[in-house]
Amino acid sequence: MSDRTANAPKRDAARSKKRILAAALTEFSGHGLAGARMDEIAERAGVSKPMIYAYFGDKSELYKAALRESYVQIRQGERDLDTDGMTPEDAIRELVRFTMDHFIRKPWFISMLNTENLLGGGSIRQIGDAAEIQSPLVAKLTAILERGAAEGRFRRRVDPGEFYITIASLCYFPVSNRHTLRATFNVPIDEAWLARKADEAADMLIAYLALPPAGVAEGRGDV
């Protein structure tokens, strides 16, 4: 048997799992855990329900796998950002713009987070490698903040996890609440408007990170 033939089942399994997770993200983000239907996921993925059960288990386990995948994808995108050659300020801008763009381009991400929070966060606490999945983001942001501090451009002792929460918050709200914001404040919330909000968020964050004027003591550094 050739290596190509021997590896075919493994490759097919990987592709099938990828299709199932993509279908699950669409279904769970649109209908929540209770309303999602395994029949719809199977049909969308082009596989049988028994195959889904064989790979992932029951609906709750598939939901957990899809939730994990949602974090894997955003963290992979952040990992791929080439910020090493940028100034610390431009690196922050790049991360903010990526975050806003990810929320816009992959709307199921926000929906999955909303669903999980409505459920009390029980599934995310059961994902054994959740902290490991977040670690590349923390490492990248730590490097940017430390480089900015070493170059005398940023204040010291900024907690990267706390700082990222602020980035995500500023990008999350305009996207997650776009329908009510459009109705109540009569704002367009189109691509250009959201891009402007990302730039404004980056401006605010960089202003926070900037060293205070001479003679003014630095704050504690928590955002």
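Our structure's up above, just so we're on the same page.
Small disclaimer: the values here were computed from a predicted structure and weren't measured.

Some points on the overall build of the protein chain
Moving on, step 1. Scanning the protein chain for helices and strands turns up eleven helices and zero strands.
Moving on, step 2. Counting from the amino terminus, helix and strand elements in the protein chain follow one another as α-α-α-α-α-α-α-α-α-α-α.
Moving on, step 3. Along the longest, intermediate and shortest principal axes, the C-alpha atoms of the protein chain span 70 × 50 × 30 Å.
Moving on, step 4. Per-residue burial for the protein chain yields a buried fraction of 38% across its 223 residues.
Moving on, step 5. A sequence separation of at least 24 residues applies to 71% of the contacts in the protein chain between residues at least 6 apart.

So, the pattern of salt bridges
Moving on, step 1. One pass over the structure, following the stated rule, counts 15 salt bridges.
Moving on, step 2. Between Arg 97 and Asp 199 there is a salt bridge, with its nearest N and O atoms 3.1 Å apart. With Arg 97 in helix H5 (residues 88-105) and Asp 199 in helix H11 (residues 191-209), this residue pair connects regions lying 102 residues apart in the sequence.
Moving on, step 3. Of the residues examined, Arg 97 reaches a relative accessible area of 39% and is grouped as partly exposed.
Moving on, step 4. By relative accessible area, which is 29% here, Asp 199 ends up partly exposed.
Moving on, step 5. Each of Arg 37, Asp 39, Glu 40 and Lys 49 takes part in one network of salt bridges that share partners.

Side note on helix H6 (residues 107-118)
Moving on, step 1. Here H6 spans 17 Å end to end across twelve residues, near enough to the 16 Å set by a 1.5 Å rise per residue.
Moving on, step 2. Those residues of H6 that sit buried are Trp 108, Phe 109, Ile 110, Met 112, Leu 113, Thr 115 and Glu 116.
Moving on, step 3. Trailing H6 by a residue or two, Gly 120 shows a phi angle of about 85°, which is positive.

Comments concerning the packing of aromatic side chains
Moving on, step 1. For the structure on display, the rule yields four aromatic pairs.
Moving on, step 2. Between the aromatic rings of Tyr 71 and Phe 109, the centroid separation amounts to 6.0 Å while the plane-to-plane angle is 80°, which identifies the pairing as edge-to-face. Here Tyr 71, found in helix H4 (residues 59-79), pairs with Phe 109, found in helix H6; they are 38 residues apart in sequence, far enough to count as distant. The same class applies to Tyr 71 and to Phe 109, which are both buried.
Moving on, step 3. Relative to Tyr 172, the ring of Phe 103 has its centre 6.0 Å away and its plane inclined at 85°; by these criteria the two rings are edge-to-face.

Points about unusual backbone geometry
Moving on, step 1. Of note, the phi angle at Arg 157 is positive, near 60°, even though the residue is not glycine.
Moving on, step 2. Tracing the sequence through the fold places Arg 157 in the loop between helix H8 (130-150) and helix H9 (160-176).
Moving on, step 3. Unlike most non-glycine residues, Ile 189 shows phi in positive territory, near 45°.

Details of the packing of H4 against H6
Helix-helix packing: each pair is described by the crossing angle between the helix axes and the interaxial distance.
Moving on, step 1. With their axes 10 Å apart at the nearest point, H4 and H6 run at an angle of 130° to one another. Between H4 and H6, the angle falls in the class oblique. In the packing of H4 onto H6, the handedness of the crossing is left-handed. In contact with Tyr 63, Ala 66, Leu 67, Ser 70, Tyr 71, Gln 73 and Ile 74 of H4, H6 contributes Trp 108, Phe 109, Met 112, Leu 113, Thr 115 and Glu 116.
Moving on, step 2. Among the residues making up the contact of H4 with H6, the classes are represented as nine nonpolar, three polar and one charged.

Some remarks on the packing of H4 against H8
Moving on, step 1. The N-to-C vectors of H4 and H8 enclose an angle of 25°; their axes lie 9 Å apart at closest approach. It follows from the interaxial angle that H4 and H8 lie roughly parallel. Judged by the twist between their axes, the crossing of H4 over H8 is left-handed. Of the residues in H8, those touching H4 at Arg 68, Tyr 71, Val 72, Arg 75, Glu 78 and Arg 79 are Ile 133, Gln 134, Pro 136, Leu 137 and Lys 140.
Moving on, step 2. For the contact of H4 with H8, the class distribution of residues is five nonpolar, one polar and five charged.

So, the nonpolar core
Moving on, step 1. By size, the foremost hydrophobic cluster in this structure holds 60 residues, and its most contacted members are Phe 28, Ile 41, Leu 62, Ile 92, Val 96 and Phe 163.
Moving on, step 2. The greatest single-element share of this core, amounting to eight residues, is contributed by H11.
Moving on, step 3. The residues contacting Ile 92, other than those within four sequence positions of it, are Leu 141, Ile 144, Phe 154, Phe 163, Ile 206 and Leu 209.

What about the side chain of Arg 75?
Moving on, step 1. If you trace the backbone, Arg 75 turns up in helix H4.
Moving on, step 2. Taking relative accessible area as the criterion, Arg 75 reaches 4% and is therefore assigned buried.

Conventions and cut-offs
- Residues numbered from 1 in each chain as written.
- Predicted model: local features only at pLDDT ≥ 70, side-chain atom pairs only at ≥ 80, totals over all residues.
- Heavy atoms only, no water.
- Helix = DSSP H or I, 4+ residues; strand = E, 2+ residues; numbered from the N terminus.
- Buried < 20%, exposed > 50% of the residue type's maximum accessible area, 1.4 Å probe, protein only.
- Contact = heavy atoms within 4.5 Å.
- Salt bridge = Lys/Arg side-chain N within 4 Å of Asp/Glu carboxyl O.
- Expected span 1.5 Å × (residues − 1).
- Phe/Tyr/Trp six-rings, centres within 6.5 Å; stacked < 30°, edge-to-face > 60°.
- Axes fitted to C-alpha atoms, helices over the stretch in contact; angles between N-to-C directions.
- Parallel < 35°, antiparallel > 145°, perpendicular 65-115°, else oblique.
- Left-handed = near helix turned anticlockwise from the far one by under 90°.
- Nonpolar A, V, L, I, M, F, W, Y, C, P; charged D, E, K, R; others polar.
- Core = buried A, V, L, I, M, F, W, Y, C linked by side-chain atoms within 4.5 Å.

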